[in-house]
Amino acid sequence: MGTGVELSDLHRNAVLATFDSDRLDRLLPHIQIDFSPIGHVAQRAGNPLSHIHFPLDSVYSVLAESEHGAGIEVGTVGSEGLVGIAGHLGARNSRQTVVCWCAGDTAYVPVAEFLQVTTEGGPWHDAIDRFTDYLLIQTAQNVLCTSAHSVRARLARWLLAAHDRYDCQQFSSTQESLSQMLGVQRPTISDTAARMQREGLIIYRRGNIEIVDRVALRQIACECYRVVHQALTAVRDAGRPS
Ligand SMILES: [Zn+2]
């Protein structure tokens, strides 16, 4: 068994929770759990994909990046899924850069060991398929959101999702991280957040945002908030024992 790794820890992740005891016994010697601080890079685009990461209560942001380093969030991954789905699909290198934005524990296992124990079909394949579908929904919705919705509506969407998606005690909402998540310049984030603060919707303090008027933010947020939230609820409910 991996040092200090308990089964109850692993069951906090919806995909690992579908593994039977035999499979977990085979996986345990290779699993480690670490605390992921904000900014921890699980994968970098183009680099060899060495490990699959399973957030236990951390949350990661999947970023598409240009050659010049500009990035935009194309999806988020929490305890409902895994970071490194490309490894499961046979890729050797990471497709995107994946960065932690909500600090918490993460379990990780070498790709080779993960593939060995998941070659046979079972409930884990259904869980991975459900999560892959959820990631595709997020990606499609984010393309629509970026091209069709205002920065104000998108910021409201992001803040609501960050606030209610996870029991996240410590998450990154600095202008720099928001600018990267939403793919807009920092002054645009600054102006938009300042207006929301004047309207009494949020408090912007020491680079972090606190929600004051959730109902009003809900009215401002674009429909993408509801679509992705429903998809997340569905993937979580499907993984729960009936
Ligand atoms: Zn939108």
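Throughout this description, residue numbers start from 1 for each chain and increase along the sequence as written. In keeping with the predicted nature of the model, local features appear solely for residues at pLDDT of at least 70, side-chain atom pairs appear and are counted solely at 80 or more, and the whole-chain, interface and lining totals rest on all residues.

Observations regarding the overall build of the protein chain
Within the protein chain, the secondary structure is distributed over 10 helices and nine strands. A radius of gyration in this sense is built from C-alpha atoms; the matching globule rule multiplies 2.2 Å by the number of residues raised to 0.38. What you see for the protein chain is a C-alpha radius of gyration of 18 Å, in line with the 18 Å of a compact globule of 242 residues. Projected onto the principal axes, the alpha-carbon positions of the protein chain cover approximately 55 × 45 × 30 Å. The burial label depends on the number of other C-beta atoms within 10 Å of a residue's C-beta. Counts of 20 or more mean buried, 12 or fewer mean exposed, and intermediate counts mean partly exposed, with C-beta atoms placed from the backbone. Across the 242 residues in the protein chain, those meeting the buried criterion constitute 38%. We call two residues in contact when the distance between their C-beta atoms, placed using the backbone, is within 7 Å. A fraction of 77% describes how many contacts in the protein chain between residues 6 or more apart in sequence connect residues 24 or more apart. Helix and strand definitions here come from DSSP, where helices need a minimum of 4 consecutive H or I residues and strands a minimum of 2 consecutive E residues; each element is numbered from the N-terminal end.

Quick notes on the packing of helix α7 (residues 175-182) against helix α8 (residues 186-198)
The N-to-C vectors of α7 and α8 enclose an angle of 105 degrees; their axes lie 9 Å apart at closest approach. Comparing their axes, α8 and α7 come out roughly perpendicular. Across the interface between the two elements, Gln175, Glu176, Leu178, Ser179 and Leu182 from α7 touch Arg186, Ile189 and Ser190 from α8. Each residue is assigned to one class: nonpolar for Ala, Val, Leu, Ile, Met, Phe, Trp, Tyr, Cys and Pro, charged for Asp, Glu, Lys and Arg, and polar for all the others, Gly among them. Within the contact of α7 with α8, the residues separate by chemical class into three nonpolar, three polar and two charged. Axis lines are fitted to C-alpha atoms, over the contacting stretch for helices. Their N-to-C directions set the angle, which ranges from 0 to 180 degrees. Relative orientations are named as follows: roughly parallel for angles under 35 degrees, roughly antiparallel for angles over 145 degrees, roughly perpendicular for angles from 65 to 115 degrees, and oblique for any other angle.

A word on the packing of helix α5 (residues 123-148) against helix α10 (residues 224-239)
Where α5 meets α10, the axes come as close as 10 Å, and the angle between the chain directions of the two elements is 180 degrees. For the element pair α5 / α10, the angle class is roughly antiparallel. Judged by residue contacts, Ala127, Arg130, Phe131, Tyr134, Ile137, Gln138, Gln141, Leu144 and Cys145 of α5 engage Cys224, Val227, Val228, Ala231, Leu232, Val235, Ala238 and Gly239 from α10. Of the residues contributing to the contact of α5 with α10, the split by class is 13 nonpolar, three polar and one charged.

Observations regarding the domain arrangement of the protein chain
Here the domain parsing of the protein chain yields domain 1 (5-126) and domain 2 (148-220). Throughout, the edges of the domains are those of an automatic or database domain assignment. Put simply, the middle of domain 1 and the middle of domain 2, counted by C-alpha atoms, are 27 Å apart.

What to know about α8
The length a helix should cover is 1.5 Å for every residue beyond the first. Taking 1.5 Å per residue, 13 residues should reach 18 Å; α8 reaches 18 Å between its end C-alpha atoms and fits that length. What α8 keeps buried is the set Ile189, Thr192, Ala193 and Met196. End-on, the buried residues of α8 take up no more than an arc of 95 degrees, which puts them together on one face. With respect to the buried face of α8, the exposed residues turned more than 90 degrees away are Pro187, Ala194 and Arg198. Phi for glycine 200, located one or two positions after α8, is positive at around 80 degrees. Read the arc as the range of directions from the helix axis to the C-beta atoms.

Quick notes on the nonpolar core
The term nonpolar core refers to a group of buried residues, namely Ala, Val, Leu, Ile, Met, Phe, Trp, Tyr and Cys, whose C-beta atoms join them within 7 Å. Formed by 56 residues in total, the largest nonpolar core has its most connected members in Phe54, Tyr60 and Leu159. Each of domain 1 (5-126) and domain 2 (148-220) contributes no fewer than three residues to this core. Beyond its immediate sequence surroundings of up to four residues, phenylalanine 54 is in contact with Asn13, Val15, Leu16, Leu82, Thr106, Ala107 and Tyr108.

Comments concerning the sheet that holds strand β3 (residues 51-55)
Hydrogen bonds between backbone atoms are what pair the strands of a sheet, whose relative direction is either parallel or antiparallel. The antiparallel open sheet is built from three strands, whose spatial order is β1-β7-β3. Only two strands of the sheet have a single neighbouring strand rather than two, namely β1 (32-36) and β3. Averaged over all neighbouring strand pairs, the angle between strand axes comes to 35 degrees, with direction disregarded. The sheet contact formed by β1 and strand β7 (residues 104-110) spans five bridges and is antiparallel. Paired with isoleucine 33 across the strands is alanine 107, a residue of β7. Paired strands are those between which DSSP finds at least two bridges.

A short note on α7
Those residues of α7 that fall on the buried side of the exposure criterion are Leu178, Gln180, Met181 and Leu182. Just beyond α7, the residue with positive phi is glycine 183, at close to 70 degrees.

Some words on the sheet that holds strand β2 (residues 41-43)
With respect to topology, four strands assemble into an open sheet ordered β2-β6-β4-β5, the strand pairing being antiparallel. A single partner strand is all that each edge strand has here, and the edge strands are β2 and β5 (71-77). Averaged over neighbouring strand pairs, the angle between their axes works out to 35 degrees when direction is ignored.

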